[in-house]
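Structural features, examined
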Amino acid sequence: MSTNIDAAGAALALRRRRLTRRAAVRFAAPYTLIAPALVVIGAILAYPLYYLVRLSFQRYGLFQLIAHKGSWVGLHNYGVLLHDPVFWHTLVRTIVFTFVNVALTLVLGTLVALLLVQVATPIRLMITSALVLAWAMPVVVAVQLWYWMTNFQNGVVNYVLTELHLGDFIGHDWYASPTSALGVTTTLIVWGAVPFVAVTVYAGLSQVPRDLLEAASVDGAGPVRVFRDVTVPVLKPILLVLTSLSIIWDFGVFTQPFLLIGQSRIDTSNYLMGTYLYEQGYFFHDFGRGAAISILMLLMVALLSVVYVRKMVRLDGVR
């Protein structure tokens, strides 16, 4: 009798060890699979990030650049920035700019995706092809086309608006005021970002169960109610990822505002963080202060994105 009990206990212990081992393997498998990618990304980014942090604590101008040696100033660069009104005005302007761009991109991209679901296949292929072409256009080329269309001397936008009797726009300078200039820049950025959002959301819409949509319609729910209560919960992880990516891209945008506004005029009244960083770091040859701005931008993007990252983690935990 004692022998049978011992054998049963040994079998139970062996089964527990196997279950524990399987649970450990199941827990470690995802991290093992992404470990090579993390190692490569860490190897690529670790030293540049370390060098950027070190540079932000140094005075590094043209003289130090020639000598290849900066002078240690501690937190001086950060102190100068945090006491600079231009920095705070630029930061607030960039946050508002980012919010507007992200909101418009997500709303318009989602509407285009919903349109793709409703139209016939030939129309869908035509719209998708146009989206891909707009997405594939190089940014510099898009900026040049946009600047030509909005040029106050011979811009096609002024001509079309005037011909439509929406006002006298002949000779109107869209870059005369900071609000107008940043508005044109927003239009360009949103135009280039909508295709990615539209295609991604359209792919997500294909995962919405049709039976749920039909059941909601049979119960008397309208299109808006169906979208809010059925479609949005399914798309929520995708929308969170798109929001986080859009925040990262739009907060640090540089090419579009610098090339578009810089061709006419750029000053502190229409600074964004990207152009502010360029002006401080390269135009004024203060690379230490430019590095400090880069670190602060990194922290700001992390703070702006942390809400959406936490929501994604919670959704993954619920699943």
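Up top is the structure these notes are about.
Criteria and thresholds
- Residues numbered from 1 in each chain as written.
- Predicted model: local features only at pLDDT ≥ 70, side-chain atom pairs only at ≥ 80, totals over all residues.
- Heavy atoms only, no water.
- Helix = DSSP H or I, 4+ residues; strand = E, 2+ residues; numbered from the N terminus.
- Buried < 20%, exposed > 50% of the residue type's maximum accessible area, 1.4 Å probe, protein only.
- Contact = heavy atoms within 4.5 Å.
- Areas by Shrake-Rupley, 256 points an atom, 1.4 Å probe, with all protein chains shown as cover.
- Arc of directions from axis to C-beta.
- Axes fitted to C-alpha atoms, helices over the stretch in contact; angles between N-to-C directions.
- Parallel < 35°, antiparallel > 145°, perpendicular 65-115°, else oblique.
- Left-handed = near helix turned anticlockwise from the far one by under 90°.
- Nonpolar A, V, L, I, M, F, W, Y, C, P; charged D, E, K, R; others polar.

Broken down by element type, the protein chain carries 13 helices and two strands. Counting only residues that meet the buried cut, the protein chain has 33% of its 319 residues in that class. Put simply, 66% of the contacts in the protein chain that link residues at least 6 apart link residues at least 24 apart. For the protein chain, the accessible area works out to roughly 19,700 Å², and carbon and sulfur atoms hold 70% of it.

Because an α-helix packs 3.6 residues into every turn, residues spaced three or four apart end up facing the same way. Within the sequence span of helix H6 (residues 139-149), burial applies to Ala142, Val143, Trp146 and Tyr147. Taken down its axis, H6 places every buried residue within 130° of arc, on the same side. Along its buried surface, H6 packs onto helix H8 (178-205) and helix H11 (255-262).

Turning our attention to the packing of H8 against helix H10 (residues 223-251). Put simply, H8 and H10 touch, their axes get as near as 10 Å, and they point 155° apart. Put simply, H8 runs roughly antiparallel to H10. Handedness of the crossing formed by H8 with H10: right-handed. Between H8 and H10, the residues in contact are Ile189, Phe196, Val197, Thr200, Val201, Gly204 and Leu205 and Thr231, Leu235, Ile238, Leu239, Leu242, Leu245, Trp249 and Asp250, respectively. Across the contact of H8 with H10, the residue classes break down as eleven nonpolar, three polar and one charged.

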